[in-house]
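Commentary on secondary and tertiary structure
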Amino acid sequence: MGKTADLTTVQKMTIDTLKKEGKTQKVIAKEVGCSQSSVSKHINREAKGRKRCGRKECTSKRDKRALERIVKQNRFKNVGEIHKEWTVAGVSASRSTTHRRMQDMGFSCRIPRVKPLLNKRQRQKRLAWAQDKKDWTAAEWSKVMFSDESKFCISFGNQGPRVWRKTGEAQNPRCLKSSVKFPQSVMVWGAMSSAAVGPLCFLRSRVNAAVYQEVLEHFMLPAADQLYGGDDFIFQHDLAPAHSAKSTSTWFKDHGIPLLDWPANSPDLNPIENLWGIVKRKMRDARPNNAEELKATITATWALITPEECNRLVDSMPRRIAAAIQAKGAATKY
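A few points on the structure. Counting restarts for each chain: residues are numbered from 1 in the order of the written sequence. pLDDT decides what is reported in this predicted model: residues at 70 or higher carry local features, side-chain atom pairs at 80 or more are listed and counted, and totals for whole chains, interfaces and linings draw on all residues regardless. As a rule here, side-chain values cover all heavy atoms of the structure and leave hydrogens and water aside.

Contact geometry of helix 1 (residues 9-20) with helix 2 (residues 25-32) gives a least axis separation of 10 Å together with a crossing angle of 145°. Judged by the sense of rotation from one axis to the other, the crossing of helix 1 with helix 2 is right-handed. Along the contact surface, helix 1 presents Gln11, Thr14, Ile15, Leu18 and Lys19, while helix 2 presents Ile28, Glu31 and Val32. Residue polarity is assigned by list, with Asp, Glu, Lys and Arg as charged and Ala, Val, Leu, Ile, Met, Phe, Trp, Tyr, Cys and Pro as nonpolar; anything else, Gly included, falls into the polar class. When grouped by side-chain class, the residues that make up the contact of helix 1 with helix 2 number four nonpolar, two polar and two charged. Here, axes are lines fitted to C-alpha atoms. For helices the fit covers the stretch in contact, and angles between N-to-C directions go from 0 to 180 degrees. Counting from the N terminus, the helices are the DSSP runs of H or I reaching at least four residues and the strands are the DSSP runs of E reaching at least two. It is the rotation of the near helix from the far one that decides the hand of a crossing: anticlockwise by less than a right angle makes it left-handed, clockwise makes it right-handed. Note on contacts: a residue pair is in contact if any heavy atoms of the two residues lie within 4.5 Å.

Of note in this structure, Asn265 is not a glycine but carries a positive phi near 55°. Residue position: Asn265 is located in the loop between helix 11 (246-255) and helix 12 (271-282). Residue Lys328 is not a glycine yet carries a positive backbone phi of 55°. The topology assignment puts Lys328 in the segment after helix 15 (317-326). Judged by relative accessible area, which is 66%, Lys328 ranks as exposed. Only protein chains enter the accessibility calculation, which uses a 1.4 Å probe. A residue is then buried if its area is under 20% of the maximum for its type, exposed if over 50%, and partly exposed in between.

We now examine the sheet that holds strand 1 (residues 144-153). Pairing between two strands is assigned when DSSP locates at least 2 bridges connecting them. Taken together, four strands build an open sheet; the order of strands is 3-2-1-4 and the sheet is mixed. If you trace the sheet from one side to the other, it starts and ends with strand 3 (201-203) and strand 4 (234-236), each paired once. Sheet twist, expressed as the mean angle between neighbouring strand axes with direction ignored, is 25°. As defined by bridge partners, strand 2 (residues 185-192) adjoins strand 3 across three bridges and the pair is classed as antiparallel.

A word on the packing of helix 9 (residues 209-228) against helix 11. For the pair helix 9 and helix 11, the least separation of the axes is 9 Å and the interaxial angle reads 25°. Between helix 9 and helix 11, the angle is such that the two are roughly parallel. As for the relative orientation of helix 9 and helix 11, their crossing is right-handed in sense. Counting all contacts with helix 9, which are made through Ala209, Tyr212, Gln213, Leu216, Glu217, Met220 and Leu221, the residues of helix 11 involved are Ser247, Thr248, Trp251, Phe252 and His255. When grouped by side-chain class, the residues that make up the contact of helix 9 with helix 11 number seven nonpolar, four polar and one charged. Angular relationships are summarised with four words: roughly parallel below 35 degrees, roughly antiparallel beyond 145, roughly perpendicular across 65 to 115, and oblique for the angles in between.

The subject of this paragraph is helix 12. Under the 1.5 Å per step criterion, the end-to-end length of helix 12 is 17 Å for twelve residues, consistent within 8% with the ideal 16 Å. Elements in contact with the buried residues of helix 12: strand 1, strand 2, helix 13 (291-303), helix 14 (307-314) and helix 15. For a helix, the expected span equals 1.5 Å multiplied by the number of residues minus one.

Let's shift gears to a positive patch on the surface. A surface patch of positive charge is lined by Lys61, Arg62, Arg65 and Arg69. Residue Lys61 is classed as exposed on the basis of its relative accessible area of 68%. Residues enter patches when they are more than 30% accessible in relative terms and free of salt bridges; like-charged ones are connected within 9 Å and nonpolar ones (Val, Leu, Ile, Met, Phe, Trp, Tyr) within 5 Å. Under the convention used here, a 1.4 Å probe and the Shrake-Rupley method define accessible areas, while residue burial counts only the protein chains that appear. A side-chain nitrogen of Lys or Arg and a carboxyl oxygen of Asp or Glu constitute a salt bridge if their distance falls within 4 Å. A positive count includes Lys and Arg, and a negative count includes Asp and Glu. His and the chain ends are not counted in either. We put the charge of a Lys on NZ, of an Arg on CZ, of an Asp on CG and of a Glu on CD.

To continue, consider the pairing of strand 2. With six of eight residues buried, strand 2 is to be regarded as a mostly interior element. Judged from the eight bridges that link them, strand 1 and strand 2 form a sheet pairing that is antiparallel. Across the sheet, residue Ser147 finds its bridge partner in strand 2, namely Ala191.

Now for the nonpolar core. Judged by nonpolar contacts, the single largest core of 31 residues is most densely connected at Trp129, Trp141, Phe146, Phe152, Met192, Leu275 and Ile298. Residue assignment for this core shows that the elements contributing at least two residues are helix 7 (120-133), strand 1, strand 2, helix 12, helix 13, helix 14 and helix 15. Element by element, the count of residues in this core is highest for helix 12, at five residues. Those residues within four positions of Trp129 in sequence are excluded, and the remaining contacts are Trp141, Asp261, Trp262, Pro263, Leu269, Met317 and Ile321. In these notes, a set of buried Ala, Val, Leu, Ile, Met, Phe, Trp, Tyr and Cys residues joined through side-chain atoms within 4.5 Å is what counts as a nonpolar core. Membership of the second largest hydrophobic core comes to 19 residues, among which are Trp189, Tyr212, Tyr228 and Ala242.

Moving on to the pairing of strand 1. Each regular strand displays side chains that alternate between the two surfaces of the sheet. When you tally the buried positions in strand 1, you get eight out of ten residues, the bulk of the element. By the bridge criterion, three bridges tie strand 1 to strand 4 in an arrangement that is parallel. Residue pairing in the sheet places Phe146 in a bridge with Gln236 of strand 4.

Next up on the list: helix 6 (residues 95-104). The set of residues buried in helix 6 consists of Thr97, Thr98, Arg101 and Met102. Angularly, the buried residues of helix 6 cover 140° about the axis, an arc narrow enough to put them on a single face. Where the residues of helix 6 are buried, they touch helix 4 (61-73) and helix 5 (79-88). Looking one or two residues beyond helix 6, the residue adopting positive phi is Gly106, at roughly 100°. It is the directions from the helix axis to the C-beta atoms that the arc portrays.

On to the environment of Met13, then. Mapped onto the fold, Met13 is located in helix 1. For Met13, a relative accessible area of 52% puts it in the exposed group. Distance from Met13 to Val32, taken between C-alpha atoms, is 10.0 Å for residues 19 residues apart in sequence.

Take a look at the structure:
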């Protein structure tokens, strides 16, 4: 026979139902499969309106307000720092209580979203750009080839995946995560349209104007043939020094390729940024051991990008522009 604390939700509901039907506690206990004292305690608790037992809460409403102020002052503090500051304010509570109170208030520990830092002039230019492009149709955006560079590391993220383990298994080889002090990485250039992705270019050196023009010659032009054939297109890139150099501008004029005017510091407006995120998420379970294996993994994952994914990202341009206008040129989530 179980104790009151051992009663399941179904047993408690059954007890309540049988009690309403006028059954005696002895009969209820027999049908539910518990002791009569458990039935009695549950019925008495419900009758008195007692929903829980245990020690009375040690923090007052005033204490909770103080805790909320502390959290909102700096949302990047850890629980230990917040607990220390709360106790200095005169509250007697444990670290675990501090964490529970924060959770009760709705605070959760999450990886922060990243937004570019913009000054007033940049926000004004972004707003003007968005207002100029707000009436562009899906057909017009489909003519744009978006491009960008991205860095890939052998170890992704700061924490990586969690592991399930039992007590004493901390040193079990199956529960360990390999780490390196300076993980190998590669820099990749890629391009996409609303129809598909183009070929990747792995950059071997720092990208200056000369290196970038070689990428354009040997990778961007083949990508344009692959994605657009003989049709006209508009090329997009950000305002990195190699991209905005005079010699690079001359290269585009000589090849007769129009450029999409682009606001500074605006990765949130570029759908290829989200495409890099998709590739890195798909590579989350990959375990490359060196740079060559990392390149092979990136290439294989890039090849799995579907036309539907590309089309969906480019189709998001009107929504990105509307969000930028609503934010008055400020950065939006991406």
